[in-house]
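Chains, contacts and geometry: an overview
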Amino acid sequence: METVIRYRNVAKLSRPDLHQMIEELAERVLGPHLSPFPAELLCLRATLDRSRHHGLYRVRLQMTLSGATLVCAEESSQLERAIEHALMELDRQVERHVAHLRLRDAGDRKSTRLN
């Protein structure tokens with residue numbers, strides 16, 4: 001899975017640690033649900049933004065799967081917490097998408113059997 005991260009108003013010294021943390025969390029959280037998809041087709045794009053006025057961190061995740069683009073966003077005063085919550089939401093969406101694909105495939109097989 002390709003991971004692309006864009007930073008806005010985030011300290012340059014913390015960027016390598018954040019990149020590693022996002023990759024490890026994504027592999028641990030999303031990995032079990034992404035096994036049906038080829039790894040070269042998966043792309044996770046993350047935007048980490050710190051608001052100068054409110055001190056909040058905004059995390060926006062976008063995952064491109066075959067046939068779908070899943071997006072989620074999260075805000076928190078702690079960047080790590082925002083990343084974790086966003087990945088949990090993305091995991092829920094991936095799980096739902098995979099279940100939808102399985103049901104659609106099962107329906108396709110059933111309709112061909114009847115003919």
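Structural notes, computed from the coordinates. Treat the numbers as computed from the prediction; the structure is a model and nothing was measured. (Residues numbered from 1 in each chain as written. Predicted model: local features only at pLDDT ≥ 70, side-chain atom pairs only at ≥ 80, totals over all residues. Heavy atoms only, no water.)

**Quick look at the nonpolar core**
Among the nonpolar cores identified, the biggest contains 32 residues, and Leu-30, Leu-48, Leu-61 and Ile-83 are the most heavily contacted of them. Within the residue set of this core, elements represented by two or more residues are strand E1 (2-8), helix H1 (15-30), strand E2 (43-50), strand E3 (57-65), strand E4 (68-76) and helix H2 (79-114). Broken down by element, the residue count for this core peaks at nine residues, all from H2. Beyond its immediate stretch of four places on either side in the chain, Leu-61 contacts Leu-44, Arg-45, Ala-46, Leu-70, Val-71, Cys-72, Ala-86, Leu-87 and Leu-90. (Core = buried A, V, L, I, M, F, W, Y, C linked by side-chain atoms within 4.5 Å. Buried < 20%, exposed > 50% of the residue type's maximum accessible area, 1.4 Å probe, protein only. Helix = DSSP H or I, 4+ residues; strand = E, 2+ residues; numbered from the N terminus. Contact = heavy atoms within 4.5 Å.)

**Overview of H1**
Helix length check: H1, at 16 residues, gives a terminal C-alpha distance of 21 Å against a target of 22 Å (1.5 Å per residue), a fit within 8%. Looking at H1, one finds that the buried residues are Leu-18, Ile-22, Leu-25, Ala-26, Val-29 and Leu-30. All buried residues of H1 lie within an arc of 100 degrees about the axis, which places them on one face of the element. Relative to its buried face, H1 has exposed residues pointing more than 90 degrees away, namely Pro-16, Asp-17, Glu-27 and Arg-28. (Expected span 1.5 Å × (residues − 1). Arc of directions from axis to C-beta.)

**Notes on the pattern of salt bridges**
Tallied over the full model, the rule gives three salt bridges. Across the pair Glu-75 and Arg-58 runs a salt bridge, and its minimum N-O distance is 2.7 Å. Of the two residues, Glu-75 sits in strand E4 while Arg-58 sits in strand E3, which places them 17 residues apart along the sequence. Using a relative accessible area of 32% as the deciding quantity, one classes Arg-58 as partly exposed. Across the pair Glu-89 and Arg-92 runs a salt bridge whose closest N-O atoms are separated by 2.8 Å. Highlighted residues: Glu-89 and Arg-92, both in helix H2, separated by three residues, approximately one helical turn. (Salt bridge = Lys/Arg side-chain N within 4 Å of Asp/Glu carboxyl O.)

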